[in-house]
Amino acid sequence: MTHSMQTGVSGTARYLVLFEEDAADEGAQRMANVAGLRTVRDRDVAAQLSGELAGQADGVFWLDLGVAVVTAAADQIDALTREIAAHGPIALVERERTVYAISAPAPDAVPGEAGEQDFTWGLRALNAPESTATGAGVRVAVLDTGFDVDHPDFADRAVVTSSFIDGEDVRDGHGHGTHVIGTACGPRQPQVGPGYGVAHESEIYAGKVLSNAGSGTDGGILAGIAWAVQNQCAVVSMSLGAPTQPGEPHSVAFERCAKRAMDKGTLIIAAAGNESRRSAGVIAPVGHPANCPTIMAVGAIDADHAIADFSSGTVDPNGAVDVVGPGVDVHSSWPMPDRHNTISGTSMATPHVSGAAALAAQAHQGNAWELWARLSQTALRLPLPSTDVGTGLVQAP
Amino acid sequence: MLGQDWCRHLEREHLEVAVAHQRKVIISVDTDEPEAVSGIAARLGAIGLEVDDILETLSTITGTCDEAAVSSLQAVPGVVGVETQRTYQLPPPDEPQ
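Definitions and limits used
Residues numbered from 1 in each chain as written. Chains lettered and ligands numbered in written order. Predicted model: local features only at pLDDT ≥ 70, side-chain atom pairs only at ≥ 80, totals over all residues. Heavy atoms only, no water. Contact = heavy atoms within 4.5 Å. Buried area = accessible area lost by both parts, 1.4 Å probe. Salt bridge = Lys/Arg side-chain N within 4 Å of Asp/Glu carboxyl O. Polar contact = N/O pair within 3.5 Å; in protein donor to acceptor, adjacent residues only side chain to side chain. Helix = DSSP H or I, 4+ residues; strand = E, 2+ residues; numbered from the N terminus. Nonpolar A, V, L, I, M, F, W, Y, C, P; charged D, E, K, R; others polar. Pairing = 2+ DSSP bridges. Core = buried A, V, L, I, M, F, W, Y, C linked by side-chain atoms within 4.5 Å. Buried < 20%, exposed > 50% of the residue type's maximum accessible area, 1.4 Å probe, protein only. Expected span 1.5 Å × (residues − 1). Arc of directions from axis to C-beta. Domains from an automatic or database assignment. Phe/Tyr/Trp six-rings, centres within 6.5 Å; stacked < 30°, edge-to-face > 60°.

Asks: Kindly report on the interface of chain A and chain B, identifying the contributing residues and their values.
Replies: Every contact between the two is made by 44 residues of chain A and, on the other side, 26 residues of chain B. Here chain A and chain B share an interface that buries about 2600 Å² over both sides, 56% of which is from carbon and sulfur atoms. Looking at the side of chain A facing chain B, the largest losses of area belong to A:Asp218, A:Arg256 and A:Arg260, adding up to 20% of the total buried there. For the pair chain A and chain B, the number of links is 3 salt bridges. For the interface between chain A and chain B, the tally reads 19 residue pairs in polar contact (both at pLDDT 80 or more). The set of elements that each furnish at least two residues to the side of chain A that touches chain B consists of strand E9 (215-217), helix H6 (218-230), helix H7 (252-263) and helix H8 (346-364) of chain A. The greatest single-element share of the side of chain A that touches chain B, amounting to 9 residues, is contributed by H6(A). By residue class, the composition of the side of chain A that touches chain B is 20 nonpolar, 18 polar and 6 charged. One ladder, built from 3 bridges, connects E9(A) with strand E5 (residues 87-89) of chain B; its direction is antiparallel. Its bridge partner being in E5(B), A:Ser215 is matched across the sheet by B:Gln89.

Dropping the structure here:
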């Protein structure tokens, strides 16, 4: 790795030198031999400065971290760079970066390619195609308008279904449910169009808690959550919400249920809501039940990593956006004969996160609390307010 | 004739008012032991709750009751909270979902 060099007054600059694992001592010695760069252990710095140690040090190295910081001239760095190719103890050389205060302008977001290729832009934004995880062995419950059980893209998948709507079976007469199940759990290589499913080998639990007309109640949703928990689903994906007023407290009942679910191994992930009209200056609070602290609230970004116009925000402490997912122009399954559809909403962002959660559950085998931590920790930080994006864009493991 | 019409009108109004004062509620309880939760549900049923679901795994009971009965539900041993249910409606197809 080379950088254009801005040299100091004396023709030198500061560099980080990374050593191979457990080779710091050897690396420090090699630096001295090939480049004439003498370094002292971090613990010896005080002694060096007070003159107790002989000679002039060019830098410091940390045994535990396996890295050194040195002041070096161009020819010395050339010598170290050649050492990298020799596959010895020196692994990497990098210009030391200058750290700025928080008010520095953030770099521009790298624009995504909105056109579909082998995979939807959403899958690529998650780095899902690169992940070796598939969701195999992980049960994902999607609580929505049901599922088109005869959809050809799912012909080879076992789907467990249950309807919590009186008088209606699980077959999706709306479309919404089929779409979000497609995003969370659908195929990577459908017969037609790009791959669009994140956890493409997960076990699908389709719970109908919204009618074919798209309506539902807390009672139906809680019944669906209980079903998912009883069936050891690691993830419950809820692309649904009721609008809230700023300052409105979250539901204590749902928060209790969410904690029970978490303790029993089920992470609940819900849409933050679509009531904002940011272009008109309106940012709506996170809806119910995503505004519960123990439910992961998902906002929506577009292919340019910009916050979607409709995406709810953390308007008051009572309801926080936790993460974001791709939620604009999302291609996924739709009831036959349409087969596929492209729609937008935090409803579309949510199953991206749920699918990523299923992949992480497979990869890391921890409990639900740990799963939340994993998703948060590895989220791609975005140059946007955390009130809009939480810890950022969730990534596949 | 007018008197009978008026009576029927009042009856209808009373029915509408009675239905309007029915609430769908979520009842949180302090246990997830199936027998204990069922026991609480039975006591709630006896004082006017029409039980929809007993969700032991979530320590929750859902149902319908008169608005006037809500405070008495709260008083049943083992009940830690009574909340009104919210409703959901997906937006029209041309709006963000």
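Asks: Tell me about the environment of A:Arg139, and name the residues and values.
Replies: Residues and elements named next belong to chain A. Within the secondary structure, Arg139 is located in strand E6 (residues 139-144). Each C-alpha atom of the pair Arg139 and Arg256 lies 22 Å from the other, and the pair is 117 residues apart in sequence. Contact partners of Arg139, with chain neighbours within four places excluded, come to Glu203, Tyr205, Asn231, Gln232, Cys233, Ala234 and Val235. A distance of 3.2 Å separates polar atoms of two side chains, one belonging to Arg139 and the other to Glu203.

Asks: Can you explain the nonpolar core? Please cite residues and give values.
Replies: All names here are of chain A. Counting 57 residues, the largest nonpolar core has Leu267, Ile269 and Leu375 as its most contacted members. Ignoring anything within four residues of it in the chain, the contact list for Leu267 reads Ala234, Val235, Val236, Met262, Ala368, Leu371, Trp372 and Leu375. Grouped together as the second largest cluster of nonpolar side chains are 37 residues, Val229, Val236, Ile295 and Ala297 included.

Asks: Which residues make up the pairing of strand E3 (residues 60-66) of chain B, and what values go with them?
Replies: Where a strand is regular, its side chains alternate between the two sheet faces. Residue and element names in this part refer to chain B. Most of E3 is tucked away, with 6 of its 7 residues classed as buried. Pairing between strand E1 (residues 22-29) and E3: 7 bridges, direction antiparallel. Bridge pairing in E3 places Ile26 opposite Thr62. Bridge analysis of strand E2 (residues 50-55) against E3 gives 5 bridges, and the strand direction is antiparallel. Counterpart to Glu50 in the pairing with E3 is Thr64. Joining the antiparallel neighbours E2 and E3 is a turn of 4 residues, in which Ser59 adopts a positive phi near 55 degrees.

Asks: Any chance you could break down helix H2 (residues 34-46) of chain B for me, citing the residues and the numbers?
Replies: Residues and elements named next belong to chain B. Helix length check: H2, at 13 residues, gives a terminal C-alpha distance of 18 Å against a target of 18 Å (1.5 Å per residue), a fit within 8%. When H2 is considered as a whole, its buried residues turn out to be Val37, Ile40, Ala41 and Leu44. For H2, the buried positions fall inside an angular range of 100 degrees around the axis, keeping them on one side. Opposite its buried face, H2 presents the exposed residues Glu35, Ala42 and Ala46, each directed more than 90 degrees away. Contacts from the buried residues of H2 go to E1, E2, E3, helix H3 (70-74) and strand E4 (79-84). Looking one or two residues beyond H2, the residue adopting positive phi is Gly48, at roughly 115 degrees.

Asks: Would you mind going over the domain arrangement of chain A in detail, with residue names and values included?
Replies: Assigned domains of chain A: these are domain 1 (11-97) and domain 2 (101-389). A C-alpha centroid distance of 47 Å is found between domain 1 of chain A and domain 2 of chain A.

Asks: Help me get a handle on the packing of aromatic side chains, residues and values and all.
Replies: Residues and elements named next belong to chain A. A full pass over the atoms with the stated rule returns 4 aromatic pairs over all chains. Consider the rings of Phe164 and Trp227, whose centres lie 5.7 Å apart with planes at 65 degrees: the pair is edge-to-face. Of the two residues, Phe164 sits in the loop between strand E7 (159-163) and helix H5 (176-185) while Trp227 sits in helix H6, which places them 63 residues apart along the sequence. Exposure remark for Trp227: the relative accessible area of 13% places this residue in the buried category. An angle of 55 degrees between the planes, with centres 5.7 Å apart, marks the rings of Tyr205 and Trp227 as tilted. Of this pair, Tyr205 sits in strand E8 (residues 203-208) while Trp227 sits in helix H6, and the two are 22 residues apart along the sequence. An aromatic cluster is defined as three or more aromatic residues linked by ring pairs; in this entry it consists of Phe164, Tyr205 and Trp227.

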